[in-house]
Amino acid sequence: MIEVNNLKKEYFEEETPTQALRGVTFSVEKGEFVSIMGPSGSGKSTLLHILSFLDRPSGGSYKFQGKSIDDMTDHELARVRNKDMGFVFQSFNLLSRLTVYSNVEIPLLYSDIPSSKRKGLIENAIKAVGLEDKIHTEAGRLSGGQKQRVAIARALVTDPNVIFADEPTGNLDSQSGLQVMEILESLNKKGRTVILVTHETETAGFANRIIKIKDGAVESDKAIVARHHHTGNLK
Amino acid sequence: MLFRDAFKTSTRSLTQSKMRSALTMLGIVIGISSVIILMSIGQSAQDLILNQVQSVGSNLVIVIPGAPSNGKFSPPASEQGIIITTLKQRDIDSLEREPSIDAAAAVVNGQAEVVYGNNNKTITYQGVSASMFPVRKLTIGVGSAFTKADVDSANHVVVIGPELAKTLFGSALNPINKTIRLKNLSFRVVGILEKGGTGMFGVDQGNVVIVPITVAQKQLLGISHFSAVIVQANSQYDLNFVESRMKFVLRQNHGITDPNKDDFNIMTQADILSILGNITSILTIFLAAIASISLVVGGIGIMNIMLVSVTERTREIGLRKAVGATDGDILQQFLIESVLLTLLGGTAGIAFGAIIVGIAYLVISTFFSSLGWGFAFPLSAVLLGLGVSGVAGIVFGIYPARKAGKKNPVDALRYE
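Presented here is an overview of the structure given in this document. Computed from a predicted structure; not experimentally measured.

1. Things to note about the overall build of chain B
Right, so step 1: Secondary structure assignment for chain B yields 13 helices and 10 strands.
Right, so step 2: For a compact globule of 416 residues, the expected C-alpha radius of gyration is about 22 Å, and chain B comes in at 32 Å, more than 25% above that figure.
Right, so step 3: Dimensions of chain B, computed from the C-alpha atoms along their principal axes, are close to 100 × 55 × 35 Å.
Right, so step 4: For chain B, restricting intrachain contacts to residue pairs at least 6 apart in sequence, the fraction spanning at least 24 positions comes to 78%.
Right, so step 5: Accessible surface, chain B as shown: approximately 19,500 Å² in total, 61% of it carbon and sulfur.
Right, so step 6: If the 33 positive side-chain charges of chain B are averaged to one point and the 27 negative ones to another, these points end up 7 Å apart.

Below, the structure written as structure tokens:
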């Protein structure tokens, strides 16, 4: 499903090139739950941005569902992001003046799903994160954990194959963080690929594979045989 | 993205900050309403002026002393302080002998105080030939006009305007056969004009005093020339022909051999209409152009606020792009917002302009009822207002919208 080969990313800051990724190679199969770990500045966020089509690599190859990113226009990337990818961010990125319903609706506005089917999809996604009773509440009035659950509902609503989560528990207390991770875990169990970026070992432990990044290169890539048993003491 | 969804998204973000949207629109509201008000009032003024000229009658030709300015409009010589005294009674006699001319009536103007008992008023008096009444279609409400015999024997008789009659005599007293004093001469009132309004040469007909021209020339002004001669052409003749005959006759009388040295100016109603129409149109366009400066200022205000809005909503743009919005979707959303702002502003401006024009009409027609001011709200102004505000939305919105559309999603999502 995801194949990266010798992936490189170079930034230019005041004409000084910075190597964010120095040749990353790995692949992810459908249905995996992968944690990408690393200290800040390691290049893990850059990697996630490229994997999620928000940015383009400056070298190497990236194939998503068999198609190379180099062969796709920006417009096509936007279509794939809408159809096949879901996003969960550390800072939620909800539109705080809109209701939960309207926030979850946003990806559908850019899809070709007919408007007659949208209401059902939105309600199902909100139900999946257990926020039915908040459906008409303004997003700004919710707690952090609830906000992140709305963000997950928004990521789910187009029924994507992959969910990208960038430090999803970073702004949450441990209780809410656990709840969010359990939702992601259950989505993975239903067959969705989940790719998670985090620097927290406990959060990463929900995955069945951990890729560690350091200085723009893969340091280790290990499958977790014994899955973490979360007992509520996340962090 | 469907237009309907984009429209919904845009209206939503506009209604989220109602105060800002309203204040942003204000510039366009003021701009469009100024243009609308000036165009409408300009139209009313033009209608008024042209109606007055038209009311004079279509087969009238006016002769005023002074050289013509070769097609270019300039004030008559008398207005420039140059008194040309060549237009005289023998010109009237010669003109009336022409078969293409039905009548020629002379006029002189002056100002004096008119007195009856304790009442007095300073007015413009006109000395006219008896034929002026039928030629100008001046209808008498009470009494009758004076006759050619009155003019020939310089009788002290007057016809006065209806408002002056009220001022001097009140509404109870019948002014007919009463004696009024003008420049210490006594005149017998024989008739009252039916209606007021502004007449030829800008004289207020409601307060006018009309005396036989012979009396005005010899006893009131001490002159022997005329201020103007109004000729009623025979309707069977072409006006251009009548004009050329008049020129021939007047040149002969005044001993002019070189047509460039004419000491008179002949104007038909069509000439006057086209000159006045041009002047008032130019004035209206000029005023509307000045008003449209405020429209540009309003548009720049919109651009400014849209730019602020784009920066403020950087993260929103990043999020929308992350979940699948294309550059075009984002551009569309912001462009719809700015066009909505200007169109709403334009509509409000048209409505506000209509109210002001309506109030102006009520005020003018109440306090200056004799003017005959009409209500005008030209459709062209409404269409122009809507068109201009829509275009302003695109012109001033495209730059911020493009800026929004081109934002890099990664940077936009990181934006603090």
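Now that the structure has been shown, the text picks up again.
2. Comments concerning the pattern of salt bridges
Right, so step 1: According to the stated counting rule, one finds 18 salt bridges over all chains in the structure shown.
Right, so step 2: Among the ionic pairs, lysine 8 of chain B bridges to glutamate 105 of chain A, the shortest N-O distance being 3.3 Å. Linking lysine 8 of chain B in helix 1 (residues 3-16) with glutamate 105 of chain A in helix 3 (residues 100-109), this pair reaches from one chain into another.
Right, so step 3: The buried category is assigned to glutamate 105 of chain A, whose relative accessible area is 6%.
Right, so step 4: Salt-bridge contacts for glutamate 316 of chain B lead to arginine 320 of chain B; the nearest nitrogen and oxygen are separated by 2.8 Å. Pair noted here: glutamate 316 of chain B and arginine 320 of chain B are both in helix 10 (residues 314-322), with a separation of four residues, about one helical turn.

3. A look at the interface of chain A and chain B
Right, so step 1: Every contact between the two is made by 25 residues of chain A and, on the other side, 25 residues of chain B.
Right, so step 2: A buried area of about 2,200 Å², summed over both sides, lies between chain A and chain B, and 56% of it is on carbon and sulfur atoms.
Right, so step 3: When the buried surface of chain A facing chain B is broken down by residue, Leu54, Leu109 and Tyr110 of chain A rank first, second and third, together holding 29% of it.
Right, so step 4: The salt bridge partner of arginine 12 of chain B is glutamate 105 of chain A, with a shortest N-O separation of 3.9 Å.
Right, so step 5: Seen at the junction of chain A and chain B, the total is 10 residue pairs in polar contact (both at pLDDT 80 or more).
Right, so step 6: Every element with two or more residues in the side of chain A that touches chain B is listed here: helix 2 (74-84), helix 3 and helix 4 (115-128) of chain A.

4. Considering the nonpolar core
Right, so step 1: Ranked by internal contacts, the top residues of the largest apolar core, which has 71 residues, are Ile2, Leu47, Leu51, Phe53, Tyr62, Phe164 and Ile195 of chain A.
Right, so step 2: If near-sequence neighbours (up to four positions away) are discounted, isoleucine 2 of chain A is found in contact with Phe26, Ser27, Val28, Leu51, Tyr62, Lys63, Phe64, Phe164 and Ile195 of chain A.
Right, so step 3: Judged by nonpolar contacts, the second largest core, of 70 residues, contains Leu60, Val107, Leu164 and Leu168 of chain B.

5. Let's talk about the pairing of strand 4 (residues 59-64) of chain A
All names here are of chain A.
Right, so step 1: Where strand 1 (residues 2-13) and strand 4 come together, five bridges link them in antiparallel fashion. If you follow asparagine 5 over to strand 4, its bridge partner there is serine 61.
Right, so step 2: Where strand 4 folds back on strand 5 (residues 67-68), the antiparallel hairpin that results is connected by two residues, among which glutamine 65 adopts a positive phi of roughly 50°.

6. Some words on the side chain of serine 40 of chain B
Residue and element names in this part refer to chain B.
Right, so step 1: Secondary-structure assignment places serine 40 in helix 2 (residues 18-55).
Right, so step 2: In this structure serine 40 comes out as buried when scored by relative accessible area, which is 0%.
Right, so step 3: Polar side-chain contacts of serine 40 include one of 2.8 Å to the backbone oxygen of isoleucine 36.
Right, so step 4: Not counting residues within four places of it along the chain, the set of residues in contact with serine 40 comprises Val357, Ala376, Phe377 and Pro378.

7. Section: the packing of helix 5 (residues 144-156) of chain A against helix 6 (residues 174-189) of chain A
Residue and element names in this part refer to chain A.
Right, so step 1: Interaxial distance between helix 5 and helix 6 falls to 9 Å at its minimum, and their mutual angle equals 15°. The angle between the axes of helix 5 and helix 6 places the two elements in the roughly parallel class. Judged by the sense of rotation from one axis to the other, the crossing of helix 5 with helix 6 is right-handed. Counting all contacts with helix 5, which are made through Gly145, Gln148, Arg149, Ile152 and Leu156, the residues of helix 6 involved are Ser176, Gln179, Val180, Ile183, Leu184 and Leu187.

The rules behind each value
- Residue numbers here run from 1 along each chain, matching the order of that chain's written sequence.
- Naming scheme: in the order in which they are written, chains are lettered from A and ligands are numbered from 1.
- Where local features are concerned, this predicted model is filtered to residues with pLDDT of at least 70; where side-chain atom pairs are given and counted, the filter is 80 or more; whole-chain, interface and lining totals use all residues.
- The side-chain numbers reported here are obtained from all heavy atoms of the structure, hydrogens and water having been left aside.
- Only runs of H or I of at least four residues qualify as helices and only runs of E of at least two qualify as strands under DSSP, and these elements are numbered from the N terminus.
- This radius of gyration counts C-alpha atoms alone. The globule rule is 2.2 Å times how many residues there are, raised to the power 0.38.
- A contact between two residues is defined here by any heavy atoms of the two lying within 4.5 Å.
- Note on areas: Shrake-Rupley with a 1.4 Å probe; residue coverage comes only from the protein chains shown.
- Counting rule applied: Lys, Arg positive; Asp, Glu negative; His and chain ends not counted.
- Charge positions are represented by NZ for Lys, CZ for Arg, CG for Asp and CD for Glu.
- Any carboxyl oxygen of Asp or Glu that lies within 4 Å of a side-chain nitrogen of Lys or Arg is treated as forming a salt bridge with it.
- Classification of residues uses two cut-offs on accessible area relative to the type maximum, computed with a 1.4 Å probe and protein chains only: under 20% is buried, over 50% is exposed, and between them is partly exposed.
- A quick way to say it: buried area is the sum, across both parts, of accessible area lost when two parts are put together, with a 1.4 Å probe.
- Residues adjacent in sequence count toward polar contacts only when both atoms are side-chain atoms; beyond that, a polar contact is any pair of N or O atoms within 3.5 Å, and within protein one must be able to donate a hydrogen and the other to accept it.
- In this description, a nonpolar core means a group of buried Ala, Val, Leu, Ile, Met, Phe, Trp, Tyr and Cys residues linked to one another through side-chain atoms lying within 4.5 Å.
- A pair of strands is treated as paired once DSSP finds two or more bridges between them.
- With axes taken as lines fitted to C-alpha atoms, and helix axes fitted only over the stretch in contact, angles between N-to-C directions fall between 0 and 180 degrees.
- An angle below 35 degrees is read as roughly parallel, one above 145 as roughly antiparallel, one from 65 to 115 as roughly perpendicular, and any other as oblique.
- For any pair of crossing helices, the crossing counts as left-handed if the nearer helix is rotated counterclockwise from the farther one by less than a right angle, and right-handed if it is rotated clockwise.

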